[in-house]
Amino acid sequence: MRAMILAAGRGERMRPLTDKLPKPLLEVAGKALIEYRIEQLVTAGVRTIVINHSWLGEQIEAGLGDGSRYGVSIHYSPEKNRLETAGGIINALPLLGEGSFIVVNADIWTDYSFSRLKPLQEGELAHLVMVENVEHHPQGDFYLGEAGRVSDAPSAGATKLTFSGISVMHRDLFRDLPAEPRPLLPLLRDAMQANRVSGEFHNGLWMDIGTPERLKEINAFLTA
């Protein structure tokens, strides 16, 4: 499978750190956040990665290049005006091949093994990796049932968890939709209502590096 790293966010909560540097290039233990995602994907066998960008995106391209030094081919999907998550994926579909592909946020930290991600089964539109709810997001996102199905509505035996920003998606999730600003969650909810979304629970390390405080926290953790 090919993979897409979502890297087009402005990083408002990270300001002033992101005033002159795109958030994916912020460093953790001496290495850019996005480099850790690239290395994890390469370890999992991914050989083609698509990265979308908007704010200061030219710095991302200059910093990462064509991916050869990581052992991967990197293609870029620039957005003159940010297209939000679904719009950004739709814009990049010509680069993502047929069928299903991995999607991961650039600004997370995790020990999840991306080798666990497989092409979707016939009829499925998405597979989501879920994690425990965290202090800054206690309400969670979706329910993961005992049969490994993800739903937007509670059911017997299901647990409400947080979407990690790691997934496999099928291009049919975005069928016939134009590349315009569009959020992802409504598309996922529609697919859940049709019982076409599976999921798994990751109980290891995961952090959303969305604020300067969390950036300091992960740096402290790794350099302790």
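Refer to the preceding data block for the structure.
**Brief notes about the pattern of salt bridges**
Phase 1: Applying the stated criterion across every chain yields a total of twelve salt bridges.
Phase 2: Ionic pairing is found between E180 and R182, a salt bridge with its closest N-O pair at 3.4 Å.
Phase 3: Several salt bridges share partner residues, and in doing so they unite R10, E12, R15 and D19 into one network.

**Some remarks on the nonpolar core**
Phase 1: Formed by 31 residues in total, the largest nonpolar core has its most connected members in I5, I34, I38, L41, I49, I51 and L64.
Phase 2: Broken down by secondary-structure element, the contributors of at least two residues to this core are β1 (3–6), α1 (33–43), β4 (48–53), α2 (57–64), β5 (73–78), β6 (100–105), β8 (126–131) and β11 (159–170).
Phase 3: Per element, the largest residue contribution to this core is four residues, and it comes from α1.
Phase 4: Filtering out sequence-adjacent residues up to four positions away, I34 remains in contact with I5, A7, P24, L25, I51, L64 and A106.

**A short note on the environment of E124**
Phase 1: Among the secondary structure elements, E124 is positioned in the loop between β7 (108–110) and β8.
Phase 2: With relative accessibility at 12%, the residue E124 sits in the buried group.
Phase 3: When the C-alpha positions of E124 and H170 are compared, they lie 7.5 Å apart, and in sequence the two are 46 residues distant.
Phase 4: With near-sequence residues (within four places) excluded, E124 lies in contact with R149, H170, R196 and S198.
Phase 5: Among the polar contacts listed, one links the side chain of E124 to the side chain of S198, at a separation of 3.4 Å.

Rules used in this analysis
Residues numbered from 1 in each chain as written. Predicted model: local features only at pLDDT ≥ 70, side-chain atom pairs only at ≥ 80, totals over all residues. Heavy atoms only, no water. Salt bridge = Lys/Arg side-chain N within 4 Å of Asp/Glu carboxyl O. Core = buried A, V, L, I, M, F, W, Y, C linked by side-chain atoms within 4.5 Å. Buried < 20%, exposed > 50% of the residue type's maximum accessible area, 1.4 Å probe, protein only. Helix = DSSP H or I, 4+ residues; strand = E, 2+ residues; numbered from the N terminus. Contact = heavy atoms within 4.5 Å. Polar contact = N/O pair within 3.5 Å; in protein donor to acceptor, adjacent residues only side chain to side chain.

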